[in-house]
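Working through the structure, step by step
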Number of protein chains: 2
Amino acid sequence: MDGLGGIQHPELKKTELEIARHDHLDALASRSECGFHHPVDIGITPGSGPAHLGIFGYDPTEYEIGRGLLDSLGVDFEFQKNDLAARGNFATSNSDGIITDRRAGRIASDASAKLCRLLDGVEIDGVKVFVLPVKEHRFAVVFRPIKDGIKLAGALSDSDPQKEGLKNLPVKALVADAGFAASVANKFIAYADEKLADAHPANSVLLRGFANMIDIPPFTDVFGMRALCIAIYPMYKGLSRLVGMDVAKGCDTIISEFETLKKNYAGYDFFFIHIKNTDSAGEDGDFSRKVKAIEDVDLCIPGLLELNPDVLVVTGDHSTPCAMKSHSWHPVPLMIYSKNARYNPDIKRFTEREFIKGTLGQIPAQSIMTLAMSSAQKLAKFGA
Amino acid sequence: MDGLGGIQHPELKKTELEIARHDHLDALASRSECGFHHPVDIGITPGSGPAHLGIFGYDPTEYEIGRGLLDSLGVDFEFQKNDLAARGNFATSNSDGIITDRRAGRIASDASAKLCRLLDGVEIDGVKVFVLPVKEHRFAVVFRPIKDGIKLAGALSDSDPQKEGLKNLPVKALVADAGFAASVANKFIAYADEKLADAHPANSVLLRGFANMIDIPPFTDVFGMRALCIAIYPMYKGLSRLVGMDVAKGCDTIISEFETLKKNYAGYDFFFIHIKNTDSAGEDGDFSRKVKAIEDVDLCIPGLLELNPDVLVVTGDHSTPCAMKSHSWHPVPLMIYSKNARYNPDIKRFTEREFIKGTLGQIPAQSIMTLAMSSAQKLAKFGA
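Residues numbered from 1 in each chain as written. Chains lettered and ligands numbered in written order. Predicted model: local features only at pLDDT ≥ 70, side-chain atom pairs only at ≥ 80, totals over all residues.

**Brief notes about the overall build of chain A**
Regarding its fold elements, chain A presents 13 helices and 13 strands. Against the compact-globule benchmark of 21 Å for 384 residues, chain A has a radius of gyration of 23 Å, which places it among compact chains. Projected onto the principal axes, the alpha-carbon positions of chain A cover approximately 70 × 55 × 40 Å. Per-residue burial over chain A gives 47% buried out of 384 residues. (Helix = DSSP H or I, 4+ residues; strand = E, 2+ residues; numbered from the N terminus. Rg over C-alpha atoms; globule rule 2.2 N^0.38 Å. Buried ≥ 20, exposed ≤ 12 C-beta atoms within 10 Å, placed from the backbone.)

This is the structure in structure tokens:
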């Protein structure tokens with residue numbers, strides 16, 4: 001549950017988990033290992049990228065996901081390790097090249113996708129350029145070397161001037177060996193502006209957030225499990241694909257996510273089920289919607305338990321307290337259920353306050369996968 | 001509160017915090033993040049230097065404060081980065097150069113200060129020597145290079161033989177490049193002994209604890225805050241000055257410390273208020289005096305809260321249990337109060353026993369500043 005943990009509501013003096021009714025989770029908590037995890041480190045508020053890498057067992061300070069990559073991850077696209085990604089906007093420019101609208105009047109997604117197809121696939125100096133629709137005026141660009149010996153360094157400045165009334169900026173190399181990548185990016189912008197000359201209001205492109213792929217050992221190799229991501233939102237699918245998970249198609253509700261789990265249960269060893277609503281409600285400061293999202297998930301727990309998993313981990317990637325309307329640094333509630341759990345039967349509820357009594361204490365996010373694997377008795381002893 | 005934490009009194013079976021009455025701190029605890037910190041590491045008893053560096057957010061194993069430097073810090077003196085400091089004693093020697101009294105009969109501070117002035121300011125081989133009165137027979141020496149290219153390595157042996165009946169020892173270089181510093185120190189000792197020939201019983205000087213300045217990033221830069229230290233004892237002012245804090249003048253009681261806070265509240269972003277009595281009472285094994293010191297601080301809490309701070313951290317630099325009459329390794333009670341706190345309302349008192357139920361658990365001292373900054377919403381997200 002994305003953004004699971006909270007802080008006390010200023011008037012109710014209770015957290016979202018304390019107000020929500022979740023009998024099934026409560027029953028599990030009294031026979032599970034409970035506690036908290038720190039996604040990155042004590043006191044550090046994580047973005048979605050590092051937070052997910054942490055719960056997937058990676059050190060988020062070792063593997064950094066650039067903004068351009070993170071956004072591009074939401075697109076259904078098979079990245080390759082030498083790819084360079086960036087975020088793009090269709091924009092409006094006047095005859096002097098001045099940007100008059102950074103979002104091209106937020107053109108419709110259909111029209112935008114059509115323009116993407118117009119630009120997609122061009123080759124520039126041995127680099128193939130993929131132009132992938134995202135939503136409205138937003139798209140992703142992926143630069144892929146298709147000739148040997150070509151490297152595209154991602155340390156590039158934005159072309160997007162960030163406000164109207166200015167010209168598109170030339171992309172600049174921020175390190176010595178990024179000159180070639182900068183030149184390709186600038187040639188692509190020139191090419192796009194020419195192709196879009198008659199496409200007013202979308203007659204210009206702005207690029208920002210250039211980022212290289214990260215070279216990360218696949219989850220499937222690290223843990224030796226066939227893994228399936230079940231998510232609704234594109235970015236989380238992309239994050240999971242990035243670490244080598246398969247991604248289930250066609251989920252659009254929490255119920256359909258758990259149905260997808262059931263359908264695919266025999267085909268995989270590990271499932272990551274991502275629930276977005278808890279976080280979006282937290283970001284909106286909508287306390288009762290976050291409560292409802294937690295309750296919705298709780299209703300799916302009995303069906304999940306019928307599948308008889310070796311291990312069930314229930315947690316979030318970070319806390320998103322409604323009172324703060326943002327991600328926060330607060331340790332994230334964590335429950336690990338298995339037949340090998342050392343539990344505290346005094347825990348009566350799945351809440352932050354009750355979990356203080358848990359057998360896990362406070363651990364780094366990276367330890368979750370280790371504990372899950374051990375709980376499933378899939379790890380050998382360390383040393384003789 | 002220096003030395004805040006304790007252990008149970010052998011007969012009362014309660015700690016100092018459990019016996020003390022501190023209603024204001026208790027009320028805060030039930031709506032604050034509570035727990036413990038380890039100043040250096042689990043099981044390690046820290047000195048004052050490392051303990052304070054830890055709570056100021058520095059790794060005390062990375063930045064070491066030599067004894068000579070720590071003692072000199074108490075003197076109101078502007079250290080420079082190439083300075084070499086040492087602790088000094090006026091001593092009595094006989095005609096054979098044998099030390100007959102290592103403390104020169106504990107001469108009065110006035111008389112001692114006069115002798116310091118006699119020696120202060122001499123130049124030896126391009127090094128200026130500052131001689132700074134401390135108390136009674138004790139003084140600090142600072143060697144400062146005033147010609148280019150001179151370096152004073154601090155790896156030097158003591159001249160102080162540590163017992164009577166022996167001669168002043170020659171200062172020796174403990175590493176190859178400390179030869180020049182040793183020679184300057186020995187020349188200074190010879191110079192002093194000559195100048196003091198008629199100053200019996202203070203006719204000799206003993207030097208020990210040579211230490212270089214530490215090169216530490218200023219607190220004001222690290223955290224981007226204007227910081228004021230409010231303390232009574234010189235050493236804590238010196239420690240704060242060392243990390244770049246301003247130091248308030250003229251505090252001599254706990255009440256005056258909190259008045260100083262009020263007066264300066266608009267001029268700074270961060271305040272470090274140091275309470276000495278808790279530690280001195282602990283060191284003396286005076287249980288009721290430590291209880292009283294805690295109660296005195298508690299009475300100042302309402303006035304502090306009227307200032308409406310974003311974040312209030314109440315903790316110690318280390319534990320000083322009265323039953324041990326010394327610093328100890330026990331984790332130090334820690335309370336972080338802010339509107340963004342995730343608290344445990346089950347906590348009824350500001351005590352070691354109650355804090356076990358806190359939301360913070362046990363954390364390294366270095367994380368305190370991170371949590372305080374996050375609680376004030378002064379830190380950006382990590383990653384996208």
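Further notes follow.
**Things to note about the interface of chain A and chain B**
At the junction of the two partners, chain A supplies 25 residues and chain B supplies 18 residues. Mapped onto the side of chain A that touches chain B, the elements with two or more residues apiece are α3 (48–55), α4 (67–73), α12 (352–355) and β13 (361–364) of chain A. (Contact = placed C-beta atoms within 7 Å.)

**Quick look at helix α9 (residues 254–264) of chain B**
All names here are of chain B. Listed as buried for α9 are Glu-257, Phe-258 and Leu-261. Along the axis of α9, the buried residues cluster in a sector spanning 95°; they form a single face. Facing away from the buried surface of α9 by more than 90 degrees, the exposed residues are Lys-262 and Lys-263. Where α9 is buried, its residues touch β8 (227–230), β10 (270–273) and α11 (287–306). (Arc of directions from axis to C-beta.)

**Some words on the relation of the copies chain A and chain B**
Each copy of the sequence occupies a distinct position, and chain A is placed on chain B by a rotation of 122° and an axial shift of 0.2 Å, giving an RMSD of 0.3 Å. Put plainly, the chains are arranged around a three-fold axis. (Least-squares fit on C-alpha atoms with pLDDT ≥ 70 in both.)

**Overview of the sheet that holds strand β11 (residues 311–315) of chain B**
Residue and element names in this part refer to chain B. Taken in spatial order, the four strands of this open sheet run β11-β12-β1-β13, and their pairing is mixed. Edge positions in the sheet fall to β11 and β13 (361–364), since each has one partner strand and no second. The average undirected angle you get between the axes of adjacent strands in this sheet is 35°. (Pairing = 2+ DSSP bridges. Axes fitted to C-alpha atoms, helices over the stretch in contact; angles between N-to-C directions.)

**Some points on the packing of helix α9 (residues 254–264) of chain A against helix α11 (residues 287–306) of chain A**
All names here are of chain A. Following both chains from N to C, one finds α9 and α11 inclined at 20°, their axes separated by 10 Å at the closest point. Here α9 is positioned roughly parallel relative to α11, judged by the angle of their axes. For the crossing formed where α9 meets α11, the hand is right-handed. For the pair formed by α9 and α11, the contact residues are Ile-254, Ile-255, Phe-258 and Leu-261 on the first element and Asp-296, Val-297, Cys-300, Gly-303 and Leu-304 on the second. (Parallel < 35°, antiparallel > 145°, perpendicular 65-115°, else oblique. Left-handed = near helix turned anticlockwise from the far one by under 90°.)

**Comments concerning the nonpolar core**
One recurring pattern in soluble globular proteins: nonpolar side chains tend to sit buried together. Counting 104 residues, the largest nonpolar core has Val-141, Ala-185, Ile-230, Met-335 and Ile-336 of chain B as the members making the most contacts within it. Not counting residues within four places of it along the chain, the set of residues in contact with Ile-336 of chain B comprises Ser-32, Glu-33, Val-311, Val-313, Ala-341, Leu-371, Ala-372 and Ser-375 of chain B. Ala-140, Ile-189, Leu-242 and Ile-347 of chain A belong to the second-largest nonpolar core, a separate cluster that totals 100 residues. (Core = buried A, V, L, I, M, F, W, Y, C linked by C-beta atoms within 7 Å.)

**Side note on the environment of Val-129 of chain A**
Summarising the element assignment, Val-129 of chain A is placed in strand β5 (residues 127–135). Expressed as a C-alpha distance, the spacing of Val-129 of chain A and Glu-306 of chain A, which sit 177 residues apart in the sequence, is 47 Å.

**Details of the domain arrangement of chain A**
Residues and elements named next belong to chain A. Domain boundaries assigned for chain A yield domain 1 (16–64 + 217–375) and domain 2 (69–212). On a C-alpha basis, the centroid separation for the pair domain 1 and domain 2 is 35 Å. The partner domain 2 presents four residues to the six residues of domain 1 that form the contact. With five residues, the top contributor of residues to the side of domain 1 that touches domain 2 is helix α8 (residues 234–242). (Domains from an automatic or database assignment.)

**Focus: the pairing of strand β7 (residues 204–212) of chain B**
Residues and elements named next belong to chain B. Along β7, nine of the nine residues are buried, which leaves the element largely enclosed by surrounding structure. Summarising the sheet, strand β2 (residues 84–93) and β7 pair through seven bridges and their orientation is antiparallel. Considered in β7, the bridge of Arg-87 is made with Arg-208.

**Considering helix α10 (residues 277–284) of chain B**
Residues and elements named next belong to chain B. Among the residues making up α10, those that are buried are Asn-277, Thr-278, Asp-279, Ala-281 and Gly-282. Taken together, the buried residues of α10 touch α11. Directly after α10, the chain includes Gly-285, whose backbone phi takes a positive value near 70°.

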